[in-house]
Structure formats: structure tokens, C-alpha cells
Amino acid sequence: MNGAAAIGIRRFLVIYLLLLVVLAIMKRSRISQTRLLLIASVRMTVQLILAGFVLTYIFENPHPLFTTGYLAAMMAFAIHRVLSKNRDLNRGFKLSIGCSLAFSGFAVLMYFILAVVNQSLFNPQYVIPLSGMIFGNAMTGVSLGVKTFRESIAAGRERMEALLNFGTSPKSILLPFVNQALETAILPTLNSMVGMGIVSLPGMMTGQILSGTLPTTAILYQISIMVAICTVVCLSVFGSLHFGYRTLYNRRSQFCLRGGILTGAGCDDEKPESGTGEGKK
């Protein structure tokens, strides 16, 4: 099989004409996200071009320090992206998110590289592309899981306070929200797996076929990476929420609010806000 056809700069620039279709639809539908679309397109282009130069240098000059540094930067950015959307959470919850993302991501990546691909952990040709898919999906899953968890809590605030006043433990109250958020976070991955091969040909498989890899080999890689992605999403969301929700109440079984929002901040305060179970002894 031949490798992927080369794309010249002029032919590459033609793809941006498709954004005019998106802009036209957004304008007709009165969606005020035109600026975001333009910013996202420019940032994506600049970031990927810079990443291309960096990866070219790393591949031409393979060294464990380069591979490790790139992975560390990727992991730090993934954690930062999740935490930047949840700045008001307490430190314990943030630590749970960061540790869960880091541990699950690196654990699944190491297993994939060593047990499935049988390559060195410092081989940039395999480690960097695979880690991008694993960490990227973990980041998306945790963001969705935490968002769902917090929205569910906000919607059920009055019910939670009533249950707490009737003597229900905070753990029993919060666990259903944790389980619901985990299900919501992992569902997109499961739906993607269900339709894969019939509705869609995934990006990794398509890229390998375009580069000249036999379809049978590309299929094995795609199946393997999807199982790895499903695992890392489940592990990272489970760890983030199951360790994080425990930081939202104190030893006196009182929910800890700040500004009327359940964030866990101030759990050590002697006087929690009203309606947080302070009457429960």
C-alpha cells in the first residue's frame, strides 16, 4: 500500500472554506459563538503546527528526557484544563482530580505500551501519539463527570438538605449523584464503541490506513486503543468523584457550602452556613 498523499499549502488552505458554511449556519441560527469559532480555529492551527515541529525534532532526536518532558506537559495541561473549569472546588477535590487523571492515565499507557505494543516506554513514535489519545479522552471524561455531578447537586439541593435533616448520611446522599455522573461520563465512549466499524471509521484506524498500514493491523490497534480509552475514562472519573465527594462534608456530617454552593471549601469551619445539617448532632 502507498503512503498518504502529500497535501500542499494551497490545497491545505482550501479546507478553511468549509468554516464559511459553519459561520453561515451560525449566523442564520443566531448563535453568538462566531468569535469562539474563529479563536478555536486559529488556536488549533497554531498549536498543532507547533506540536508538529516539536514532534519532528523529538522523533529525529529520540531521548528519554524529551519523551518524558512531553508527557509531563501533556498531563499538566489536561489537569489544568479540568481544574480551570472548577476553580471554586476545595483543594482536596482538586487533588483527587489531579491524582486520578495522572495515575489512571500513566497506568493505562504503561500497560498498553508494554503489554500490547511491546515497545519501550521512551519510544516517542508510540508513546506520544497513544498518550495523546488516552490523556485527551480522560480529560474530557473527567470534565463531563465533574460537571454532571455538580449540576445534579445544584438541582437537588433542597432534597439533599431534607434528607440530611432526617438523619441520612452525606455519603448515602451523594453516592447516587456520583454514580449518575460516572454513567454520564462513560456513555459517550460506550456509544462510540457500539457504532464503530459500521457508522464510523475511527481516526487512529483511518490515519494508519492512509499511511500504508494494512487494514487488519490498523483494526487491531483501534480495538486496543478503544478498550484502553474506555478503561482510562472509567478509572479517572471514578477516582475523581469517589475520592472527591468525601471532601464535601465534614466529620460532623455537615455539608460545606461557600456562597450557597456545595464546594467543600471551609469544611473545617466551626459555623457552616444554614441548611447544611448544623442541627444534626
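Shown above is the structure to which this text applies.
Residues numbered from 1 in each chain as written. Predicted model: local features only at pLDDT ≥ 70, side-chain atom pairs only at ≥ 80, totals over all residues. Heavy atoms only, no water.

Notes on the nonpolar core
Part 1 of the reasoning: Ranked by size, the top nonpolar core spans 50 residues in total, and within it Phe-149, Leu-174 and Ile-225 carry the most contacts.
Part 2 of the reasoning: Broken down by secondary-structure element, the contributors of at least two residues to this core are helix 4 (64–84), helix 5 (91–117), helix 6 (124–155), helix 7 (157–165), helix 8 (170–195) and helix 10 (215–244).
Part 3 of the reasoning: Counting residues per element, this core draws most heavily on helix 6, at 11 residues.
Part 4 of the reasoning: If we ignore the near neighbours within four places in the chain, the residues touching Leu-174 are Phe-149, Ile-153, Met-160, Tyr-245, Leu-248, Tyr-249, Phe-255 and Leu-262. (Core = buried A, V, L, I, M, F, W, Y, C linked by side-chain atoms within 4.5 Å. Buried < 20%, exposed > 50% of the residue type's maximum accessible area, 1.4 Å probe, protein only. Helix = DSSP H or I, 4+ residues; strand = E, 2+ residues; numbered from the N terminus. Contact = heavy atoms within 4.5 Å.)

A look at the packing of helix 5 against helix 10
Relative orientation and spacing of two packed helices are given, respectively, by the angle between their axes and the distance between those axes.
Part 1 of the reasoning: Their axes nearest at 8 Å, the elements helix 5 and helix 10 cross at an angle of 155°. The pairing of helix 5 with helix 10 is recorded here as roughly antiparallel in orientation. Regarding helix 5 and helix 10, the two cross each other, and that crossing is right-handed.
Part 2 of the reasoning: A per-class count over the contact of helix 5 with helix 10 returns 14 nonpolar, 10 polar and no charged. (Axes fitted to C-alpha atoms, helices over the stretch in contact; angles between N-to-C directions. Parallel < 35°, antiparallel > 145°, perpendicular 65-115°, else oblique. Left-handed = near helix turned anticlockwise from the far one by under 90°. Nonpolar A, V, L, I, M, F, W, Y, C, P; charged D, E, K, R; others polar.)

Brief notes about the side chain of Ser-152
Part 1 of the reasoning: For Ser-152, the location among the structural elements is in helix 6.
Part 2 of the reasoning: Setting aside its immediate chain neighbours within four residues, Ser-152 contacts Phe-177 and Gln-180.

Let's talk about unusual backbone geometry
Part 1 of the reasoning: Even without being glycine, Arg-30 reaches a positive phi, approximately 60°.
Part 2 of the reasoning: Assignment of secondary structure puts Arg-30 in the loop between helix 2 (18–28) and helix 3 (34–60).
Part 3 of the reasoning: The backbone of Asn-118 sits at a positive phi, close to 60°, despite the residue not being glycine.
Part 4 of the reasoning: Mapping Asn-118 onto the fold places it in the loop between helix 5 and helix 6.

What to know about the environment of Leu-182
Part 1 of the reasoning: Turning to its location among the elements, Leu-182 is positioned in helix 8.
Part 2 of the reasoning: In this structure the C-alpha to C-alpha distance between Leu-182 and Phe-149, which are 33 residues apart in sequence, comes to 8.4 Å.
Part 3 of the reasoning: Setting aside residues up to four positions removed in sequence, Leu-182 forms contacts with Cys-234, Val-237, Phe-238 and Leu-241.

Function cannot be read off these values alone, since they describe shape.
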